[in-house]
Amino acid sequence: MKKIIVACGGAVATSTVAASAIKDLCKANQIPVEIIQILMSEIESNLDGVDLIVTTMRIKKDFGKPYVNGMAFLSGVNKETTEEQILSYLK
Amino acid sequence: MNITNLLNEKLICLDGTAADSTEAINLLGTMMVQDGYIHPSYIGAIHKREINFPTGIVLASCGIALPHATPEDNVFKNGIAVLRLKQPVQFHSMENPDDNVSVTLLFMLALNGSENHLNMLQKLFAIFQQEALVRCIQQTTSAQEVCQLMLDNLK
């Protein structure tokens, strides 16, 4: 089971859109995942056992975990590249 | 969530002019206040949030912005206001706040949180990912068409 953090800045919860897309992507590729959907400010305290961090807003801080920018799941621009990137970290 | 009341022609302006992002947000907010969707304090909350969490997004065909805030008791009805500008204004990018995005289409979101709201949000982004739909919103002269197109795709 892979553990992925999907985070955004809050309010309308854009991370929900990204999280749902990632869930579908992993299902299609038969990768069992646990997705933790939180706010950007909560990443630091949820790093335990995490395989990948995806955010809809660029993070400057290095959390020492693989990181992918998930904006493509909102805009649709470069979505395939982002999907490949995510899969490369989970395989 | 009642999708039908999310949008109406009074919440859509297709020939707006604004000098900057602040003015554009005020235009959207005014439409929502006048139609009874929000209290003016929600506009202030949006301005504040935009500073820390900007909402400019680069789509395949244009730049959009989704100004919104966390609703307190200042959102009376769930709604989306649409503003199309003749000349773009600069928003900071949601992806990277250091970058600017030239924005001609704005969608102000006033949504009280719930499961329905998240479902609706996914459908909204699905609209943004369909170039043909975004182009239609960019080019049409009919507010009613924008309204119908959005509602049909949010159902």
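Residue positions are given per chain, counted from 1 along the sequence in the order it is written. Whichever chain is written first is A, and whichever ligand is written first is 1; the rest continue in order. Residue-level local features of this predicted model are given only where pLDDT is at least 70; pairs of side-chain atoms are given and counted only at 80 or more, and the full residue set underlies all totals for whole chains, interfaces and linings. In computing side-chain values, all of the structure's heavy atoms are included and hydrogens and water are not.

Engineer: Just checking my understanding: could you explain the interface of chain B and chain A for this structure?
Structural biologist: The parts lose accessible area when they come together, and the size of an interface is often stated as this lost area. In what follows, residue pairs with any heavy atoms lying within 4.5 Å of each other are defined as contacts. Facing the 23 residues of chain B at the interface are 22 residues of chain A. Buried area: the sum, over both parts, of the accessible surface (1.4 Å probe) that disappears when the two are put together. Taking both sides of the interface into account, the surface hidden between chain B and chain A amounts to around 1900 Å²; carbon and sulfur atoms contribute 64%. For this analysis, a salt bridge means a side-chain nitrogen from Lys or Arg found within 4 Å of a carboxyl oxygen belonging to Asp or Glu. At the boundary of chain B with chain A, the tally comes to two salt bridges. A salt bridge links Asp98 of chain B to Lys60 of chain A; its shortest N-O distance comes to 3.1 Å. A 3.5 Å cut-off defines polar contacts: any pair of N or O atoms within that distance qualifies, except that in protein one atom must be a possible hydrogen donor and the other a possible acceptor, and neighbouring residues in sequence count only when both atoms are side-chain atoms. Across the contact surface, chain B and chain A share seven residue pairs in polar contact (both at pLDDT 80 or more). Numbered from the N terminus, helices here are DSSP runs of H or I no shorter than four residues, and strands are runs of E no shorter than two. Every element with two or more residues in the side of chain B that touches chain A is listed here: helix H2 (40-52), strand S2 (56-58) and helix H3 (115-128) of chain B. Sort the elements by how many residues they give to the side of chain B that touches chain A and H3 of chain B lands first, with six residues. By residue class, the composition of the side of chain B that touches chain A is 13 nonpolar, seven polar and three charged. Three classes are used: nonpolar for Ala, Val, Leu, Ile, Met, Phe, Trp, Tyr, Cys and Pro, charged for Asp, Glu, Lys and Arg, and polar for all others, with Gly counted as polar.

Engineer: Before we go on, may I ask you to explain the packing of aromatic side chains in this structure?
Structural biologist: The relative placement of two aromatic rings is captured by the distance of their centres and the angle of their planes. Residues and elements named next belong to chain B. Think of it this way: a Phe, Tyr or Trp ring, Trp meaning its six-membered ring, pairs with another when their centres are within 6.5 Å, and the plane angle makes it stacked under 30 degrees, edge-to-face over 60, tilted otherwise. Per the stated rule, a full pass over the model turns up two aromatic pairs over all chains. Where Phe107 meets Phe128, the ring centres are 4.9 Å apart and the plane angle is 50 degrees; that geometry is what we call tilted. With Phe107 in strand S5 (residues 100-110) and Phe128 in helix H3, this residue pair connects regions lying 21 residues apart in the sequence. For Phe107, a relative accessible area of 1% puts it in the buried group. Classification of residues uses two cut-offs on accessible area relative to the type maximum, computed with a 1.4 Å probe and protein chains only: under 20% is buried, over 50% is exposed, and between them is partly exposed.

Engineer: Explanation requested: the sheet that holds strand S1 (residues 2-8) of chain A in the structure shown.
Structural biologist: Strand pairing in a sheet is mediated by backbone hydrogen bonds. Such pairs are either parallel or antiparallel. Residue and element names in this part refer to chain A. Reading across from one edge, S2-S1-S3-S4 is the order of the four strands in this open sheet, with parallel pairing throughout. Only two strands of the sheet have a single partner each, and these edge strands are strand S2 (33-39) and strand S4 (67-69). Sheet twist, expressed as the average angle between the axes of neighbouring strands with direction ignored, equals 20 degrees. If DSSP finds at least two bridges between two strands, the strands pair. Sheet topology places S1 next to strand S3 (residues 52-55); four bridges connect them, and they run parallel. Within S3, the position partnered with Ile5 by the bridge is Ile53. Note on geometry: axes are C-alpha line fits, over the in-contact stretch for helices, and angles between N-to-C directions span 0 to 180 degrees. Contacting S1, S2, S3 and S4, helix H3 (residues 79-90) runs over the sheet at an angle of about 165 degrees to S4.

Engineer: Can you walk me through the pattern of salt bridges in this structure?
Structural biologist: When their charged atoms lie close together, side chains carrying opposite charge are able to pair. For the structure on display, the rule yields six salt bridges over all chains. Where Glu44 of chain A meets Lys61 of chain A, a salt bridge forms, and the shortest distance between an N and an O atom there is 2.6 Å. With Glu44 of chain A in the loop between S2 and S3 and Lys61 of chain A in the loop between S3 and S4, the pair connects residues that are 17 residues apart, well separated along the chain. We classify Lys61 of chain A as partly exposed; its relative accessible area is 47%. The residue Lys155 of chain B makes a salt bridge to Asp152 of chain B at a minimum N-O spacing of 3.7 Å.

Engineer: Would you explain the packing of helix H1 (residues 21-34) of chain B against H2 of chain B in this entry?
Structural biologist: Each pair of packed helices can be summarised by the angle the axes make with each other and by the distance between the axes. Residues and elements named next belong to chain B. Two elements in contact, H1 and H2, have axes whose closest approach is 9 Å; the angle formed by their N-to-C orientations is 150 degrees. By the angle class used here, H1 and H2 are roughly antiparallel. Crossing of H1 against H2: the hand is right-handed. Together, Thr22, Ile25, Asn26, Gly29, Thr30 and Val33 of H1 and Pro40, Ile43, Ile46, His47 and Glu50 of H2 make up the contact between the two elements. Across the contact of H1 with H2, the residue classes tally to five nonpolar, five polar and one charged. Should an angle fall under 35 degrees it is taken as roughly parallel, and over 145 as roughly antiparallel, whereas 65 to 115 is taken as roughly perpendicular and any remaining angle as oblique. The sense of a crossing depends on the near helix, which, turned anticlockwise from the far helix by less than a right angle, makes the crossing left-handed and, turned clockwise, makes it right-handed.

Purely spatial values, then, with no claim about function.
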